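Now for the letters of each chain:
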Amino acid sequence: MQFKVRRILTSHIKKEIEKIGFSLSHLDFGALKHKFLNIKIYDLKPETATIIKQAALSAGADAAVHSGVLDHSIKKSDLILSGTIQELCSIAEKLKKQQFSAPKIADEILSQIKIFKQTPVKPQIMGILNITENSFSDGGKYLDPKKAIEHAYKMLDEGADIIDIGAESTRPGAEPINPDIEINRITPVIKELAGKCGAKISIDTRNSGTAAVMADLGADIINDVSGLSYDKNMAKTIAKTGLNVIIMHSRGMPDTMDEFCSYKNTVDDVYFELLKMTENALDAGILPEKITIDPGFGFAKNIEQNFEILIKIEEFKSMGYPLLCGVSRKRFIKSLVSEEFQNQDILKTLDEITAQASFYFGTKNIDIIRVHNVVKTKQALSLAGKLV
């Protein structure tokens, strides 16, 4: 045999090009010719879609459009643009000189390229500290402030980077509690941890009054499962305090969210609803660098929808914000456990499956992983770190 052949993964292409002796002075530019990216653009008029397709073809790339674009038998078409990074840069330059909305689309293409080229992150572990009576897996376990603080330090010793303190259960079916109760539960815990434990403190709350008090007590992050929609003053409060915020996608309230699982296209709908939530945050004065997004696994999503989002989780990175994922011990994870094993140390089993999901997230450039079991997550991410 005169030669051998094997496939090279795109994620490793720069190192492989360097290995064959490619000019180091042109390495970064050369790698762009081998890195491939697909971008979907929605609701284009036929004339705009045609311009983009022609620009793509002239650059050696391609664009898929509705079959009715050619004869203008449809009013709008989505478009999937595919090419190497170098080709997409060339397409963007061509579109800047075109009419209609082409120049704005060029800017969006360049923005997606910038996000795609970002250096992979090392995921942070967010340890869950529920000081509630009725959370779905550990309700009542850490209501005593002393026990809560002990558990927080235990998670920190195990490798947690962030402690997420919640005093109101938002599991399906849960009812809201008075913010004063929430504040009273969290206060002794955050007073002990903030500024002393060496980690960031996140407060899992939907209430602006709680957020304001916790900002004064040293919180770093507000984690709002309602996407800043439950309390009309939340976005302004976060903007005023300067806190970081995690904006999670959800629909309805915890006691009604299972009624809101109807989506035309799950990933598209969740993505654009979440994007709208971030736009509302920006309008309220929250700085973009303060925002992290969360697709909201388990919130107004059925089992199949959760897995669909899990499969396509990297697509949410194209929004341009850090991404948090939390699947720990959730119902759709439990659906993987056979009924005969659901009463046999179920939390241990759920933590093992969660660790497998954490490994997956560790290979998908996810920024923050929210979990109950820090040890298993740390182990999973150590392995994932060796593979990316």
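The paragraphs below set out a description of the structure included in this document. All of these numbers come straight from a predicted model, not from anything done at the bench.

Thresholds applied
- Residues numbered from 1 in each chain as written.
- Predicted model: local features only at pLDDT ≥ 70, side-chain atom pairs only at ≥ 80, totals over all residues.
- Heavy atoms only, no water.
- Helix = DSSP H or I, 4+ residues; strand = E, 2+ residues; numbered from the N terminus.
- Rg over C-alpha atoms; globule rule 2.2 N^0.38 Å.
- Buried < 20%, exposed > 50% of the residue type's maximum accessible area, 1.4 Å probe, protein only.
- Areas by Shrake-Rupley, 256 points an atom, 1.4 Å probe, with all protein chains shown as cover.
- Lys, Arg positive; Asp, Glu negative; His and termini not counted.
- Charge placed at Lys NZ, Arg CZ, Asp CG, Glu CD.
- Expected span 1.5 Å × (residues − 1).
- Arc of directions from axis to C-beta.
- Contact = heavy atoms within 4.5 Å.
- Polar contact = N/O pair within 3.5 Å; in protein donor to acceptor, adjacent residues only side chain to side chain.
- Phe/Tyr/Trp six-rings, centres within 6.5 Å; stacked < 30°, edge-to-face > 60°.
- Disulfide = S-S within 2.5 Å.
- Core = buried A, V, L, I, M, F, W, Y, C linked by side-chain atoms within 4.5 Å.
- Salt bridge = Lys/Arg side-chain N within 4 Å of Asp/Glu carboxyl O.
- 1 Å grid on protein atoms, 1.4 Å probe; cavity = no way out; pocket = protein on both sides within 12 Å on 5 of 7 lines; lining within 4 Å.
- Points joined across faces, edges and corners; volume = space filled by probe spheres on them.
- Nonpolar A, V, L, I, M, F, W, Y, C, P; charged D, E, K, R; others polar.
- Pairing = 2+ DSSP bridges.
- Axes fitted to C-alpha atoms, helices over the stretch in contact; angles between N-to-C directions.

1. Re the overall build of the protein
Thinking step 1. Each helix and strand counted, the protein has 14 helices and 11 strands in total.
Thinking step 2. For the protein, whose C-alpha radius of gyration is 23 Å, the value lies close to the compact-globule estimate of 21 Å for 388 residues.
Thinking step 3. Counting all 388 residues of the protein, 48% fall into the buried class.
Thinking step 4. Element-wise, carbon and sulfur atoms account for 51% of the exposed surface of the protein, whose accessible area totals about 20000 Å².
Thinking step 5. Computed over 50 positive and 50 negative side-chain charges, the inter-centroid distance for the protein is 6 Å.

2. Some words on helix α6 (residues 145-158)
Thinking step 1. Under the 1.5 Å per step criterion, the end-to-end length of α6 is 20 Å for 14 residues, consistent within 8% with the ideal 20 Å.
Thinking step 2. Here α6 has its buried residues at Ala148, Ile149, His151, Ala152, Met155 and Leu156. With its buried residues spanning 160° around the axis, α6 presents them on a single face. The exposed set on the far side of α6, more than 90 degrees from its buried face, consists of Lys146, Glu150 and Asp157.
Thinking step 3. The elements touched by buried residues of α6 are β4 (124-130), β5 (162-166), α7 (179-193) and α14 (374-387).
Thinking step 4. Capping the start of α6, Asp144 holds a side-chain oxygen 2.8 Å from the backbone nitrogen of Lys146, two or three residues further along.
Thinking step 5. Looking one or two residues past α6, Gly159 carries a phi angle of roughly 120°, positive in sign.

3. A closer look at the packing of aromatic side chains
The description of an aromatic ring pair rests on the distance of the ring centres and on the angle between the ring planes.
Thinking step 1. Evaluation of the coordinates by the stated rule reveals seven aromatic pairs.
Thinking step 2. On the numbers, 4.9 Å between centres and 85° between planes, the contact of Tyr42 with Phe272 is edge-to-face. Taken together, the positions of Tyr42 in strand β1 (residues 36-44) and Phe272 in helix α10 (residues 266-283) put the pair 230 residues apart, joining distant regions of the chain.
Thinking step 3. Note on Phe297 and Phe332: the rings are 5.8 Å apart at their centroids and 15° apart in plane angle, and the pair reads as stacked.

4. As for the state of the cysteines
Thinking step 1. Applying the stated criterion across every chain yields a total of zero disulfides.
Thinking step 2. Cysteine Cys325 shares no disulfide, and the gap to the nearest cysteine sulfur, in Cys261, comes to 18 Å.
Thinking step 3. Looking at Cys325, the relative accessible area reads 0%, which means it is buried.

5. Concerning the nonpolar core
Thinking step 1. Ranked by size, the top nonpolar core spans 73 residues in total, and within it Leu129, Ile165, Phe316 and Phe361 carry the most contacts.
Thinking step 2. Sorting elements by how many residues they give to this core places α10 first, with six residues.
Thinking step 3. When near neighbours in sequence (up to four residues on either side) are disregarded, Phe361 contacts Phe297, Leu310, Ile313, Cys325, Val327, Ile366 and Ile369.
Thinking step 4. Judged by nonpolar contacts, the second largest core, of 27 residues, contains Ile41, Ala49, Ala59 and Leu79.

6. Things to note about the pattern of salt bridges
Thinking step 1. All chains considered together, the criterion is met by 16 salt bridges.
Thinking step 2. Close ionic contact of Arg206 with Glu168 constitutes a salt bridge, the shortest N to O distance being 2.8 Å. Of this pair, Arg206 sits in the loop between β6 (200-204) and α8 (208-216) while Glu168 sits in the loop between β5 and α7, and the two are 38 residues apart along the sequence. There is no split in this pair, since Arg206 and Glu168 are both buried.
Thinking step 3. Its salt-bridge partner being Arg329, residue Asp351 comes within 2.9 Å of it at the nearest N-O pair. Within this pair, whereas Asp351 is found in helix α13 (residues 346-362), its partner Arg329 is found in the loop between β10 (324-325) and α12 (331-334), the two being separated by 22 residues in sequence.
Thinking step 4. The exposure class assigned to Asp351 is buried, which follows from its relative accessible area of 6%.
Thinking step 5. Among the charged side chains, a network of salt bridges with common partners joins Arg6, Glu16 and Lys19.

7. A short note on empty space enclosed by the protein
Thinking step 1. The tally for this structure, following the rule as stated, stands at one cavity of 30 Å³ or more.
Thinking step 2. What the largest cavity holds in volume is close to 70 Å³.
Thinking step 3. As for the largest cavity, its lining consists of Arg206, Val225, Ser226, Ser250, Arg251, Gly252, Met253, Pro254, Met257 and Phe299.
Thinking step 4. Looking at the lining of the largest cavity residue by residue, the class counts come to five nonpolar, three polar and two charged.

8. Considering α14
Thinking step 1. For α14, spanning 14 residues, the distance from its first C-alpha to its last is 20 Å, which sits close to the expected 20 Å at 1.5 Å a residue.
Thinking step 2. If you check which residues of α14 are buried, you get Val374, Thr377, Ala380, Leu381 and Ala384. Angular distribution of buried residues about the axis of α14 spans 125°; they occupy a single face of the element. Set apart from the buried face of α14 by more than 90 degrees, the exposed residues are Gln379 and Lys386.
Thinking step 3. The N-terminus of α14 is capped by Asn373, whose side-chain oxygen sits 3.3 Å from the backbone nitrogen of Val375.

9. Comments concerning the environment of Asn223
Thinking step 1. With respect to the helices, strands and loops of the structure, Asn223 is situated in strand β7 (residues 221-224).
Thinking step 2. Asn223 sits in the buried class, given a relative accessible area of 2%.
Thinking step 3. Through-space distance from the C-alpha of Asn223 to that of Glu175 is 18 Å; in sequence the pair is 48 residues apart.
Thinking step 4. If near-sequence neighbours (up to four positions away) are discounted, Asn223 is found in contact with Met126, Asp164, Ser202, Ile203, Asp204, Thr205, Ile246 and Arg370.

10. Some remarks on the sheet that holds β1
Thinking step 1. Spatial strand order, β1-β3-β2: three strands in an open sheet with antiparallel pairing. On the outer flanks of this sheet lie β1 and β2 (62-65), each paired with one strand and no other. Here the strands of the sheet are splayed against their neighbours by 20° on average, with no regard to which way each runs.
Thinking step 2. In the packing of helix α3 (residues 46-58) onto the sheet, contacts are made with β1, β2 and β3 (77-84), and the angle to β2 comes to roughly 155°.

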